[in-house]
Amino acid sequence: VLKSVFNSDPNLVYSVSCTTRPPREGERNGIEYHFLTKEQFEQNIKDGKMLEFAEYCNNYYGTNAEYVENQRNEGRDVVLEIEVQGALQVMKKCPDAISIFIAPPSFETLKQRLIGRGTESEEIISARISKANEELSYINEYEYKVVNDKLEDACDDINAILRANRVKKLNLNIF
């Protein structure tokens, strides 16, 4: 979904998350993720370098605060692809952030998509399904909800949300 949204909106900048999980085949450090050791990640937490972080399926994931701050200071719209724990932290720290919960049309569809990727074991897929079920209970904490049933429709919905919020923030005094 996000790849398509980025292709249609040049004003967006992607925040590459940090993680302690090992790279999957073909992933490159700094492109898909910033791969850190558990010790490095925990030091970043202690040093206040993480805008948000969470432990998910026995690995840390998080967002570098300095990168996001620098991009925002330059007037760019920064997209964070994060789970619920981290999103709740960002909503508190950045009340002007736009929160969008992207939900699968069903858990069976989610399971089939995860299996189709061919990158995780059955145990990890089960853990992800369980985590998704838990995260769904937080959907009403988000400003917007998008169901990722058809890729084109989900992208259209996200682009509409982004356009509407840019217009809302223009704050023109013409009347």
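Here the structure is shown first, and the text comes after it.
Residues numbered from 1 in each chain as written. Predicted model: local features only at pLDDT ≥ 70, side-chain atom pairs only at ≥ 80, totals over all residues. Heavy atoms only, no water.

Trainee: It is not clear to me how the overall build of the protein chain should be interpreted in this structure. Could you clarify?
Mentor: Scanning the protein chain from N- to C-terminus turns up seven helices and eight strands. For a compact globule of 175 residues, the expected C-alpha radius of gyration is about 16 Å, and the protein chain comes in at 17 Å, within 12% of that figure. Along the first, second and third principal axes, the C-alpha set of the protein chain runs to 60 × 40 × 30 Å. Here the protein chain holds 175 residues, and the buried ones make up 34% of them. In the protein chain, 58% of the contacts between residues at least 6 apart in sequence involve partners at least 24 apart. (Helix = DSSP H or I, 4+ residues; strand = E, 2+ residues; numbered from the N terminus. Rg over C-alpha atoms; globule rule 2.2 N^0.38 Å. Buried < 20%, exposed > 50% of the residue type's maximum accessible area, 1.4 Å probe, protein only. Contact = heavy atoms within 4.5 Å.)

Trainee: Please explain the sheet that holds strand E2 (residues 18-19) as it appears in this structure.
Mentor: A sheet is described by the order of its strands in space; here four strands give the open sequence E3-E2-E5-E4, paired in mixed fashion. Strands with a single pairing partner mark the edges of an open sheet, and in this sheet they are strand E3 (34-35) and strand E4 (50-56). Against the sheet, helix H3 (residues 65-73) makes contact with E4 and strand E5 (59-64), and its axis sits at roughly 30° relative to E5, the strand it touches most. (Pairing = 2+ DSSP bridges. Axes fitted to C-alpha atoms, helices over the stretch in contact; angles between N-to-C directions.)

Trainee: Just to check I follow, could you spell out the layout of surface pockets for this structure?
Mentor: A probe as big as a water molecule, rolled over the atoms, marks out the empty space that is left. Its volume calculated, the second largest pocket comes out at about 190 Å³. Residue classes in the lining of the second largest pocket are distributed as six nonpolar, two polar and four charged. (1 Å grid on protein atoms, 1.4 Å probe; cavity = no way out; pocket = protein on both sides within 12 Å on 5 of 7 lines; lining within 4 Å. Points joined across faces, edges and corners; volume = space filled by probe spheres on them. Nonpolar A, V, L, I, M, F, W, Y, C, P; charged D, E, K, R; others polar.)

Trainee: Would you take a moment to explain a negative patch on the surface for this structure?
Mentor: Taken together, the side chains of Asp149, Glu152, Asp153, Asp156 and Asp157 make up a negatively charged region of the molecular surface. Following the sequence through the fold, glutamate 152 ends up in helix H7 (residues 151-169). Owing to a relative accessible area of 59%, glutamate 152 belongs among the exposed residues under this scheme. (Patch = residues over 30% accessible without salt bridge, like charges linked within 9 Å, V, L, I, M, F, W, Y side chains within 5 Å. Areas by Shrake-Rupley, 256 points an atom, 1.4 Å probe, with all protein chains shown as cover. Salt bridge = Lys/Arg side-chain N within 4 Å of Asp/Glu carboxyl O. Lys, Arg positive; Asp, Glu negative; His and termini not counted. Charge placed at Lys NZ, Arg CZ, Asp CG, Glu CD.)

Trainee: Please clarify how the nonpolar core should be interpreted in this entry.
Mentor: Burial of nonpolar side chains together is a common tendency in soluble globular proteins. In terms of nonpolar packing, the biggest core is built from ten residues, these being Leu2, Val5, Leu12, Val79, Val146, Ala154, Cys155, Ile158, Ile161 and Leu162. At the level of elements, helix H1 (2-8) and H7 are the ones that each hand at least two residues to this core. Looking at which element gives the most residues to this core, the answer is H7, with five residues. Among all residues touching leucine 2, those that are not within four sequence positions of it are Tyr14, Val79 and Glu81. Core analysis: the next-biggest nonpolar cluster, separate from the first, contains six residues, Val84, Ala87, Phe101 and Ile139 among them. (Core = buried A, V, L, I, M, F, W, Y, C linked by side-chain atoms within 4.5 Å.)

Trainee: I'm lost on the environment of tyrosine 61 in this one. Help?
Mentor: As for its position among the elements, tyrosine 61 is in strand E5. Relative accessible area serves as the criterion here: at 13%, tyrosine 61 is assigned to the buried category. Sequence spacing of tyrosine 61 and aspartate 153 is 92 residues, and the spatial spacing of their C-alpha atoms is 28 Å. Reaching out from tyrosine 61, the side chain makes a polar contact with the side chain of arginine 21 at a distance of 3.5 Å. (Polar contact = N/O pair within 3.5 Å; in protein donor to acceptor, adjacent residues only side chain to side chain.)

Trainee: Quick question: what am I supposed to make of the side chain of threonine 63 here?
Mentor: Residue position: threonine 63 is located in strand E5. The buried category is assigned to threonine 63, whose relative accessible area is 0%. Looking at threonine 63, its side chain comes within polar contact range of the side chain of glutamate 52, at 2.5 Å. Setting aside its immediate chain neighbours within four residues, threonine 63 contacts Ser15, Ser17, Lys49, Met50, Leu51, Glu52, Val68, Leu80 and Ile82.

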